[in-house]
Amino acid sequence: MTDTLLFADFVASAWPALALTLRLAAVTTLLLLVLCTPLAWWLARTPSRWREPVSALVTLPLVLPPSVMGFYMLVALGPHGPLGQFTQWLGWGTLSFTFTGLVIGSLVYSLPFAVQPLQAAFADMGPRPMEVAMTLGARPVNAFFTVALPQARHALLTAAVLSFAHTLGEFGIV
């Protein structure tokens with residue numbers, strides 16, 4: 001009887017943590033898709049000299065240990081860090097140990113898992129489909145939404161699955 005009660009207490013206390021994790025993964029995935037799609041498009045198409053440094057910065061979470069990134073995020077978002085002081089100046093308080101802070105950490109940590117599949121899909125597409133759309137009178141934004149995104153739908157799905165799964169399994173930065 002006591003074993004059953006202990007298990008029931010454990011299950012009841014685990015639900016809030018599971019709900020928080022699923023909420024964090026869903027919010028992070030949606031934000032990453034919105035933010036990383038234009039970034040991946042730019043990285044795949046730009047001739048800018050900033051492309052390589054930005055690409056290296058995007059891939060940085062793959063090589064840094066999560067605990068190191070978590071420490072630096074905590075320092076940056078804390079009351080004495082630059083972002084923490086800025087958010088306090090705005091009247092928001094510090095973001096450390098808040099859901100918003102968790103989202104920011106997860107966004108940074110899962111960034112390459114959303115950008116890289118999208119960037120590869122946009123690069124593989126080449127310039128020809130966009131050129132054809134523009135010769136048919138499509139504006140660049142319309143061509144992006146009607147030509148590029150449909151062609152990258154598998155990469156969008158891959159980015160969403162990888163980002164969600166990576167956020168679920170991530171522990172060090174949180």
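Shown above is the structure to which this text applies.
A. Representation of the environment of Gly-70. Here Gly-70 is to be found in helix H3 (residues 66–77). Note on Gly-70: relative accessible area 11%, which makes it buried. When the C-alpha positions of Gly-70 and Val-27 are compared, they lie 19 Å apart, and in sequence the two are 43 residues distant.

B. The nonpolar core, seen in detail. One finds Trp-41, Leu-118, Phe-122, Met-130, Phe-144 and Ala-148 to be the most contacted residues of the largest nonpolar core, which totals 27 residues. Where this core is concerned, the elements lending two or more residues are helix H1 (2–45), helix H5 (99–125), helix H6 (128–135), helix H7 (140–151) and helix H8 (153–169). Looking at this core, the element that brings in the most residues is H5, giving 9 residues. Those residues in contact with Phe-144 that lie beyond four places of it in its chain are Thr-37, Trp-41, Phe-122, Met-130, Leu-149 and Pro-150.

C. Quick peek at the packing of helix H2 (residues 51–63) against H5. At a minimum axis distance of 6 Å, the contact between H2 and H5 shows a crossing angle of 125°. Here H5 runs oblique to H2, going by the angle between their axes. Like other packed secondary-structure pairs, H2 and H5 cross with a definite hand, here left-handed. Across from Arg-51, Val-58, Thr-59, Pro-61 and Leu-62 in H2, the residues of H5 making contact are Val-108, Tyr-109, Leu-111, Pro-112, Phe-113, Val-115, Gln-116 and Gln-119. Here the residues of the contact of H2 with H5 are counted per class, giving 9 nonpolar, 3 polar and 1 charged.

D. A look at the pattern of salt bridges. All told, the structure shown has 1 salt bridge when counted by the stated rule. The partner of Glu-131 in a salt bridge is Arg-128, with the nearest N and O atoms 4.0 Å apart. Here the residue Glu-131 and the residue Arg-128 both occupy positions in helix H6, the gap between them amounting to 3 residues, near one helical turn. A relative accessible area of 57% means that Arg-128 is categorised as exposed.

Conventions adopted
- For every chain, the first residue of the written sequence is number 1, and numbering continues from 1 onward in sequence order.
- Local features in this predicted model are restricted to residues of pLDDT 70 or higher, and side-chain atom pairs are both shown and tallied only at a pLDDT of 80 or more, whereas totals for entire chains, interfaces and linings draw on every residue.
- Processing note: side-chain calculations cover all non-hydrogen atoms of the structure and skip hydrogens and water entirely.
- Here a helix means four or more residues in a row that DSSP labels H or I, a strand means two or more in a row labelled E, and each is numbered from the N terminus.
- When a residue's accessible area, from a 1.4 Å probe over protein chains only, is under 20% of the maximum for its type it is buried; when over 50% it is exposed; and in between it is partly exposed.
- Buried residues of nine kinds, namely Ala, Val, Leu, Ile, Met, Phe, Trp, Tyr and Cys, make up a nonpolar core once their side-chain atoms join them within 4.5 Å.
- Every residue pair with non-hydrogen atoms within 4.5 Å of one another is taken to be in contact.
- Working convention: axes come from line fits to C-alpha atoms, limited for helices to the stretch in contact. Angles between N-to-C directions cover 0 to 180 degrees.
- Here the word oblique covers every angle except those under 35 degrees (roughly parallel), over 145 (roughly antiparallel) and from 65 to 115 (roughly perpendicular).
- In a left-handed crossing the near helix is turned counterclockwise from the far helix by less than a right angle, and in a right-handed crossing that turn is clockwise.
- Residues are grouped as follows: nonpolar covers Ala, Val, Leu, Ile, Met, Phe, Trp, Tyr, Cys and Pro; charged covers Asp, Glu, Lys and Arg; every other residue, Gly included, is treated as polar.
- Throughout this description, the term salt bridge denotes a Lys or Arg side-chain nitrogen within 4 Å of a carboxyl oxygen of Asp or Glu.

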